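A closer look at the structure
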Amino acid sequence: MGRWFTGCLSVLAILVVAKAYTGWHQARTDAPDLIVEAASLIAQGRGAHDLGPGRVEQVLATQDPNFFRHNGVDLKTRGPATDGTVTQTLARPVAIASMVPGVGKVSRLTYTLALDERLPKTAQLALFLDRVDMGHAPDGTWIVGFFKASELAFDRSPAELTDDEFRSLLAAMGGGRAISPAAAPTPSRVAYLGVLRD
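Source: prediction; values computed, not measured. (Residues numbered from 1 in each chain as written. Predicted model: local features only at pLDDT ≥ 70, side-chain atom pairs only at ≥ 80, totals over all residues. Heavy atoms only, no water.)

Details of the overall build of the protein
Secondary structure assignment for the protein yields eight helices and two strands. Going from N to C terminus, the protein has its helices and strands arranged as α-α-α-α-α-α-β-β-α-α. In the protein, buried positions account for 46% of the 198 residues. Taking as baseline every contact in the protein between residues at least 6 positions apart, the subset at least 24 positions apart corresponds to 56%. As displayed, the protein offers around 10,300 Å² of accessible surface, 60% of which is attributable to carbon and sulfur atoms. (Helix = DSSP H or I, 4+ residues; strand = E, 2+ residues; numbered from the N terminus. Buried < 20%, exposed > 50% of the residue type's maximum accessible area, 1.4 Å probe, protein only. Contact = heavy atoms within 4.5 Å. Areas by Shrake-Rupley, 256 points an atom, 1.4 Å probe, with all protein chains shown as cover.)

Here's what the structure looks like:
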């Protein structure tokens, strides 16, 4: 019985180490292409600073308040668009690819940590804004990407939106609500009180 238990623990330990290495290695492999992709998005005017004055802060307050202070993982952050930080959102494909319950999360964790080490925060934000699920447009179309959602729902860039329209995009992050100027974020979805309006 003791040898069997020790053998099982050994196999589990090897599996965890293998998954950890896989996530770390994949992030280091993906990082150069992701940097190029982010630079292209920023050059196209689809970076965080293209949202408009003060709006980067609103997105981060909604999704990942400690973004500039953590290393990709923040146990206190559970943004509406994901089950974690901006960087963890970028690691979602790795988590899906390694769907071994429990152990698969090790790959996502090491991928997230290695990605945060390799990608500048501005690049992470540009990629997040391009990949975040935004729910349904008024015509029922499923939208991925903050800028795309703004263009499809309002026919304008985020910087050109009214405050109410921008708040409706914040409320839609994660795909939980339809995009509508009347869809104000709920307190559970937006921690930042400056985003809310009576």
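Considerations on the packing of helix H2 (residues 55-63) against helix H8 (residues 163-172)
Viewed as axis vectors pointing N to C, H2 and H8 meet at an angle of 30°, and their least axial separation amounts to 10 Å. Judged by the angle between their axes, H2 and H8 are roughly parallel. You can see that H2 and H8 cross each other, and the crossing is right-handed. Counting all contacts with H2, which are made through Arg55, Gln58, Val59 and Thr62, the residues of H8 involved are Asp163, Phe166 and Leu170. Considered class by class, the residues forming the contact of H2 with H8 number three nonpolar, two polar and two charged. (Axes fitted to C-alpha atoms, helices over the stretch in contact; angles between N-to-C directions. Parallel < 35°, antiparallel > 145°, perpendicular 65-115°, else oblique. Left-handed = near helix turned anticlockwise from the far one by under 90°. Nonpolar A, V, L, I, M, F, W, Y, C, P; charged D, E, K, R; others polar.)

A word on the pattern of salt bridges
This model, assessed by the stated rule, comprises seven salt bridges. The salt bridge involving arginine 55 is made with aspartate 163; its shortest N-O contact spans 3.1 Å. With arginine 55 in helix H2 and aspartate 163 in helix H8, this residue pair connects regions lying 108 residues apart in the sequence. Given a relative accessible area of 7%, arginine 55 falls into the buried group. (Salt bridge = Lys/Arg side-chain N within 4 Å of Asp/Glu carboxyl O.)

Structural notes on the packing of aromatic side chains
How two aromatic rings sit relative to each other is given by the distance of their centres and the angle of their planes. Evaluation of the coordinates by the stated rule reveals two aromatic pairs. Seen in terms of ring centroids, phenylalanine 67 and phenylalanine 68 are 5.0 Å apart; in terms of plane orientation they differ by 75°. Their pairing is edge-to-face. A cation sits over an aromatic face here: lysine 121 above phenylalanine 67, 4.4 Å from the ring centre. (Phe/Tyr/Trp six-rings, centres within 6.5 Å; stacked < 30°, edge-to-face > 60°. Lys NZ or Arg CZ within 6 Å of the ring centre and 35° of its normal.)

Observations regarding helix H7 (residues 146-154)
Buried within H7 we find Phe146, Phe147, Ala149, Ser150, Ala153 and Phe154. Taken end-on, H7 shows its buried residues confined to a sector of 160°, consistent with a single buried face. Buried residues belonging to H7 abut H2, helix H6 (121-131), strand E1 (133-136), strand E2 (142-144) and H8. Directly after H7, the chain includes aspartate 155, whose backbone phi takes a positive value near 60°. (Arc of directions from axis to C-beta.)

Points about the environment of aspartate 50
With respect to the helices, strands and loops of the structure, aspartate 50 is situated in the loop between helix H1 (2-43) and H2. Separated by 76 residues in sequence, aspartate 50 and alanine 126 place their C-alpha atoms 9.7 Å apart. Leaving out residues up to four positions away in the same chain, aspartate 50 has contacts with Ile42, Gly45, Phe147 and Ala159. In terms of polar contacts, aspartate 50 uses its side chain to reach the backbone amide nitrogen of arginine 46, at 3.3 Å. (Polar contact = N/O pair within 3.5 Å; in protein donor to acceptor, adjacent residues only side chain to side chain.)

Re the nonpolar core
If you look at the biggest cluster of nonpolar residues, it comprises 24 residues, and the most contacted ones within it are Leu51, Val59, Leu129, Met134, Phe146 and Met173. The set of elements that each furnish at least two residues to this core consists of H2, H6, H7 and H8. The element best represented in this core is H7, accounting for five residues. Filtering out sequence-adjacent residues up to four positions away, leucine 51 remains in contact with Val56, Val59, Leu129, Phe146, Phe147, Pro158, Ala159 and Phe166. The next biggest cluster of nonpolar side chains, apart from the first, holds 14 residues, and it includes Ala27, Ala114, Ala123 and Ala126. (Core = buried A, V, L, I, M, F, W, Y, C linked by side-chain atoms within 4.5 Å.)

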